[in-house]
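# Results of the structural survey
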Amino acid sequence: MGPLVPDIIGNDLNYIVALIIGILFGMVLEQAGFSTSKKLVGLFYGYDFTVLRVFFTAGITAMVGVIALNHFGLLDINLIYINPTYLWSALVGGIIMGLGFVIGGFCPGTSICAAAIGKIDAMYFVLGSLLGVLVFAEGYPLFEGLYKAEFWGNVRIFETLGMSQSIFATLMVLIAIFSFWFVTKIEHKVNKTKPEKFKFSPYYISLTTVALILVISPLVMPDRRESLLNEANDKGKLLINEISKITPDELALRIIRGDNTLQIIDFRPQEEFSKFALPKSIHFTFDNFFEKDALKQLRIKGKNNIIITKDENEALKMAYIAFKLGIKNISILDGGMNNFTESILDKNSIEKTKNLVNNDTYEFRLKASNIIPLLVEQNKSSGTIQKKSKRALGGC
Amino acid sequence: MEENKYMNPYLAGFLLGLVLLATIYITGRGLGASGAVKSTTIAIVNSIAPEHTHSDKFYQEYLTEHEDNSLKNWLVFEVVGVIIGAFISGLISNRLSFKIEHGPKITNRLRIATAIIGGFLFSFGAQFGRGCTSGAALSGMAVLSTGGIITMFAIFGGAYAFAYFFRKLWL
């Protein structure tokens, strides 16, 4: 699951990734014509809308991609950088940038690009931008109030507007297409060229269709979590003959021996877990399956994950989902926690089985019923899964 | 040799979008540019006047965050890449040459002055916006950040509002 940094790609390799991404970024910007101020300011005087076309298409492409990757469970949106919202600072900063744009003819990225191919004006723009930071830094105490005012957190626009992400994204795609058509008309008017008939090329139509399907799919298609749960409800029971089961006796023995390979994953509700939990067990919920840290915990090599639920059906469902997520080392506790309580913990019911099981088992169970509560006292369970991963740091 | 034509803007936008998407998928963060300018400025000030940067709150916060080496920063590596990438692209398309571009009614000297002023304002504004067209507007739009999108509208809205007053520079 993305993002790949820092688990799959280490922090040092990330610098190489930055370099390669930068090369691609620079090449695309230059090829698009962003290395000349004349083309850039054309946007504001109506004679060349290249910037709008490139910028809007890029933004929409990435937006659609992020929505789709998240929907299909390939990207954890909680770990990616969402630019924080400081209302006044964003507005004032943006307006100053707009002023800088029409006066200077570049923005920082494009000026670097233009300077790289020898535009002397762009080099001076870069020089000016170094001074801009300097003045901000030196005057920081003056600006700090505005800089930090009206903080809304890492909010996302559809939340702010109170609509669903899919609807907002669909609107964006439609607005983009409308604006492409509209600016073409303006361009012809300003440049006094004869407007050609607007052509719907099959490429544009198919790309737009794909984009719309992807942004609408979260509305109509269940996401990965929902579809997995449905599947588990239907097919979980079929696992019963395939999955490895651990009997209460074996589990008790391994707990008493302090078996290090044992990793008890407890899916019971939080209240029951707080009341009584096996030594070193970890509390888990269905939602944890879709979090990077929790998955990591399940994927630790050499550990046997024992799924514990109230009864067996529930355990089979959870095991089914774990299998689907590629976690192999899974067993379930035979009969669930109910069975464990009856056979190991509850002295009365152990007495009742005295004549049903062989004598060694009976004696072991009696012994275990004394030892395990002690072990529970000594080794408090690990509680809920720890979230170690943080949102990526980003921004400028 | 004649300069080659620019790429179809929709294709360029699509490719740029894929680069941005790959960046988010791999690193969890977006693209940027002004952040590297910031790091560079701080590195320069830090090497010229270290006693100043070690007493000032703004620099101190930044340097602590970056382990006293403001150039070891993701965006600095990315921008070095941008320079290389743009250069390669210019080389392929025969666009490498030293020149000053300006509107027909102004002199080279005025163009240089406006470039410095424009750069100054843009990056000063980018500090407030917590990013520029790349870091706040484009990357913010990709992840649908409210702040990023507000900044985007403010940049382009501001530019349109001021465009009339500076038309002699360009037209």
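Residues numbered from 1 in each chain as written. Chains lettered and ligands numbered in written order. Predicted model: local features only at pLDDT ≥ 70, side-chain atom pairs only at ≥ 80, totals over all residues. Heavy atoms only, no water.

## Topic: the overall build of chain B
Looking only at helices and strands, one finds nine helices and zero strands in chain B. Reading the helices (α) and strands (β) of chain B from amino to carboxyl end gives α-α-α-α-α-α-α-α-α. When the backbone C-alpha atoms are referred to their principal axes, chain B occupies close to 50 × 40 × 35 Å. Buried residues in chain B amount to 60% of all 171 residues. Here the contacts in chain B between residues at least 6 apart in sequence split such that 52% fall between residues at least 24 apart. (Helix = DSSP H or I, 4+ residues; strand = E, 2+ residues; numbered from the N terminus. Buried < 20%, exposed > 50% of the residue type's maximum accessible area, 1.4 Å probe, protein only. Contact = heavy atoms within 4.5 Å.)

## Re the packing of helix H7 (residues 140-148) of chain A against helix H6 (residues 108-129) of chain B
Between H7 of chain A and H6 of chain B, whose axes approach to 9 Å, the crossing angle comes to 50°. Regarding the angle of H7 of chain A to H6 of chain B, the classification is oblique. Where H7 of chain A approaches H6 of chain B, its residues Phe 143, Leu 146 and Tyr 147 of chain A are matched on the opposing element by Phe 124, Gln 127 and Phe 128 of chain B. Residues that form the contact of H7 of chain A with H6 of chain B fall into these classes: five nonpolar, one polar and no charged. (Axes fitted to C-alpha atoms, helices over the stretch in contact; angles between N-to-C directions. Parallel < 35°, antiparallel > 145°, perpendicular 65-115°, else oblique. Nonpolar A, V, L, I, M, F, W, Y, C, P; charged D, E, K, R; others polar.)

## Structural notes on the confidence of the model for chain B
Residues and elements named next belong to chain B. Averaged over chain B, the pLDDT score is 92; the fraction of residues at 70 or greater is 98%. Of all secondary-structure elements in chain B, the lowest mean pLDDT belongs to helix H4 (residues 57-65), at 84, while H6 reaches the highest, 97. Predicted complex, confidence summary: ipTM 0.96, pTM 0.83. (pLDDT = per-residue confidence, 0-100.)

## Things to note about the pairing of strand E6 (residues 304-308) of chain A
All names here are of chain A. The buried fraction of E6 is high, at four of five residues. Here five bridges tie strand E4 (residues 262-266) to E6, and the two strands are oriented parallel to one another. Paired with Gln 263 across the strands is Asn 305, a residue of E6. As defined by bridge partners, E6 adjoins strand E7 (residues 330-333) across three bridges and the pair is classed as parallel. Bridged to Ile 306 within E7 is Ser 331. Handedness of the E6-helix H15 (residues 312-324)-E7 crossover: right-handed. (Pairing = 2+ DSSP bridges. Right-handed = clockwise from strand over helix to strand, strands pointing away.)

## A short note on the interface of chain B and chain A
Taken together, the contact pairs 121 residues of chain B with 126 residues of chain A. Taken over both partners, the interface formed by chain B and chain A buries close to 11,200 Å², and the fraction arising from carbon and sulfur atoms is 75%. Broken down residue by residue, the surface that chain B buries against chain A is led by Tyr 10, Phe 128 and Arg 130 of chain B, which jointly contribute 8%. Where chain B touches chain A, the interface holds five salt bridges. Of the charged contacts, one joins Lys 119 of chain A and Glu 101 of chain B as a salt bridge, the two residues approaching to 3.7 Å between their closest N and O atoms. Our count for the chain B to chain A interface comes out at 44 residue pairs in polar contact (both at pLDDT 80 or more). For the side of chain B that touches chain A, the elements supplying multiple residues, two or more each, are helix H1 (9-27), helix H2 (34-48), H4, helix H5 (74-92), H6, helix H7 (133-142), helix H8 (146-163) and helix H9 (167-170) of chain B. (Buried area = accessible area lost by both parts, 1.4 Å probe. Salt bridge = Lys/Arg side-chain N within 4 Å of Asp/Glu carboxyl O. Polar contact = N/O pair within 3.5 Å; in protein donor to acceptor, adjacent residues only side chain to side chain.)

## Quick word on helix H3 (residues 50-71) of chain A
Each full turn of the α-helix corresponds to 3.6 residues, which orients residues three or four apart in the same direction. Residues and elements named next belong to chain A. For H3, with 22 residues, the first-to-last C-alpha span of 31 Å sits near the 32 Å given by 1.5 Å per residue. Counting buried residues in H3 gives 20 out of 22 residues, a clear majority hidden from the surface. Downstream of H3 by one or two residues, Gly 73 has phi in the positive range, about 75°. (Expected span 1.5 Å × (residues − 1).)

## A word on the nonpolar core
Counting 92 residues, the largest nonpolar core has Phe 44, Ile 60, Met 63 and Phe 101 of chain A together with Leu 16 of chain B as the members making the most contacts within it. If you look at the next biggest cluster of nonpolar residues, it comprises 26 residues, including Leu 239, Ile 282, Ile 321 and Ala 322 of chain A. (Core = buried A, V, L, I, M, F, W, Y, C linked by side-chain atoms within 4.5 Å.)

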